[in-house]
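# What the coordinates show
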Amino acid sequence: MTMILLMCPHCGGRLQIDPTLRLQSMLTCPYCSRKSLMQKKDGQIVLRGIITAHAPNETLREGFSETAEPTVDRVVDPVQHAEAEPAPESVSGPEPEPENVSEPESDSLAVPEPEPKPDEPDQTDEPVVEPKPALEPVAEPKAVPEADQATEQDADMDRSPEPEQAEPEQMVEEKPVLIKQPVDADLPDDRQERLVQLATRAAQENHIMVFNSYARQAIDCDPTDPRMYALRSNLIERAHGFARATFLSPVWMSYTPRHKAFVLAQHFSSFNAAVLYSEEQHKTTLAEDTGRLIAWQIRESLIENARLRLGKQPFNGKFHRQDLGTVPRVIDALRNINETVVPQVADQLLLSIRNELDKLDPKLYYKMLRIGL
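About the criteria used
- Residue numbers run consecutively from 1 along every chain, following the written order of its sequence.
- Confidence filtering applies because this is a predicted model: local features only for residues at pLDDT of at least 70, side-chain atom pairs given and counted only at 80 or more, and all residues used for totals across whole chains, interfaces and linings.
- Hydrogens and waters are ignored; side-chain quantities use all the structure's heavy atoms.
- Any two strands between which DSSP finds at least two bridges are classified as paired.
- Each helix corresponds to a stretch of at least 4 residues labelled H or I by DSSP, and each strand to a stretch of at least 2 residues labelled E; elements are numbered beginning at the N terminus.
- In this description, a nonpolar core means a group of buried Ala, Val, Leu, Ile, Met, Phe, Trp, Tyr and Cys residues linked to one another through side-chain atoms lying within 4.5 Å.
- Here the term buried applies to any residue with accessible area under 20% of the maximum for its type, exposed to any over 50%, and partly exposed to those in between, with areas from a 1.4 Å probe on protein chains only.
- In this analysis, two residues are considered to be in contact whenever any of their non-hydrogen atoms come within 4.5 Å of each other.
- Directions pointing from the helix axis toward each C-beta atom define the arc.
- A side-chain nitrogen of Lys or Arg and a carboxyl oxygen of Asp or Glu constitute a salt bridge if their distance falls within 4 Å.
- Only Phe, Tyr and Trp rings are paired, with Trp represented by its six-membered ring, and only when their centres lie within 6.5 Å; those with planes under 30 degrees apart are stacked, over 60 edge-to-face, the remainder tilted.
- In this analysis, the expected span of each helix is defined as 1.5 Å times one less than the number of residues it contains.

### Overview of the pairing of strand 2 (residues 14-17)
Pairing analysis gives 4 bridges linking strand 1 (residues 4-7) to strand 2, with the strands arranged antiparallel. Bridging from a neighbouring strand, Leu6 pairs with Leu15 of strand 2. Between strand 1 and strand 2, which follow one another and run antiparallel, lie 6 residues, and Gly12 among them has a positive phi close to 85 degrees.

This is the structure:
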């Protein structure tokens, strides 16, 4: 007969159980006389201890103190311990009759049940209720006599006040400072006239950016004022505008007559605006001033050719045939000036150019006439 060897969860005594008998609900240990629950899990019989109010038998506990182990559920392999340990002579409790005894599910070796973790409470053990900490009584403030209060107030007044901590300074965004242009006292109070005089002064001093700023403001005040357009045309011609746009351009001779007219109209746009908004007596003056500057550009370009030919030698005023190589291009540019390009004053402009060339250098003018001017 195969016997199952169990251990008492209270004292650790070894118990032999016949698996063929009917399972009892309670089992009393013959060593410590304490009861244990008998349960069956997965074909195995397990003993669970019951906490009782009476104290265990100290004599029996002393006898098994050497072999006693912690009170946990234990299952011992019957194969290893059936022959090693003899069964006790008697097991307390009546043996029930073998009625309706169920055969063991399997004759295989029983696998020991894993011990429960100490953190997880046993299902059969009674829950342990932790006592709540007692709230400490709050002491009521004691009444302070009026004499003591007055003494404390006098002591606080005698103390020197602690210096207050300076708050961090907040960053204030600095606004950009606009530098205003100084205005002379002799300028007129009228904004339009003041801008015109400032623009005229900037043009005479050749301050192009300052002139552009004042000229735009003056034109915004009065778009029909011809003085700003005349000043702009004068600055363009002083910068060799006509020469760079026409006969000094490497692609001038490749243009068609229609393209040449577009280039000249674009170049004389400021001059044409000044002529358009000027009175009749001022139109001739504008044509003469512009013609004088164009004649100066023509002569300067030819002198530059002579200097390139001479190298380090100074120019003595005599032009050679090699120096006059660009004259045909000059003549072609002047022939494209007509009423379509320069309305109202085209003839006056051409006449002014011829007269100025004759005044500047009569010999040069005579040579250009022989070429075809």
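Resuming the write-up.
### Side note on the nonpolar core
In terms of nonpolar packing, the biggest core is built from 51 residues, with Phe242, Phe268, Ile298, Val342 and Met368 touching the most fellow members. Ranked by residue count, the leading element in this core is helix 10 (residues 280-310), at 7 residues. Filtering out sequence-adjacent residues up to four positions away, Phe268 remains in contact with Glu237, Phe242, Thr290, Ile294, Ile337, Val341, Val342 and Leu349.

### Some details on helix 13 (residues 362-371)
Of all the positions in helix 13, only Leu364, Tyr365 and Met368 are classed as buried. The arc that holds the buried residues of helix 13, viewed along the axis, is 100 degrees, so those residues lie on one side. The exposed residues of helix 13 that point more than 90 degrees off its buried face are Lys363, Tyr366 and Arg370. Of the residues one or two after helix 13, Gly372 is the one with positive phi, at around 140 degrees.

### A look at the pattern of salt bridges
Two side chains that carry opposite charge are able to pair once their charged atoms sit near each other. One pass over the full model with this rule turns up 7 salt bridges. One salt bridge connects Glu193 with Arg227, and the closest N-O pair in it is separated by 3.3 Å. Taken together, the positions of Glu193 in helix 4 (residues 191-204) and Arg227 in helix 6 (residues 226-238) put the pair 34 residues apart, joining distant regions of the chain. Here Arg227 and Asp225 are joined by a salt bridge, their closest N and O atoms 2.8 Å apart. The exposure class assigned to Arg227 is partly exposed, which follows from its relative accessible area of 35%.

### Overview of the packing of aromatic side chains
A full pass over the atoms with the stated rule returns 6 aromatic pairs. Ring centres of Phe315 and Phe319 lie 5.2 Å apart, and the angle between their planes is 55 degrees; this geometry places the pair in the tilted category. Relative accessible area serves as the criterion here: at 22%, Phe315 is assigned to the partly exposed category. Overall, the relative accessible area of 6% leaves Phe319 in the buried class. Among the aromatic residues, ring-to-ring pairing joins Phe242, Phe247, Phe268 and Phe271 into one connected group.

### Observations regarding helix 10
Along an α-helix, a turn takes 3.6 residues, which lines up residues three or four apart on a common side. When the terminal C-alpha atoms of helix 10 are compared, their 46 Å separation across 31 residues agrees well with the 45 Å that a helix rising 1.5 Å per residue should span. Of the residues trailing helix 10, Gly311 is marked for its positive phi of about 75 degrees.

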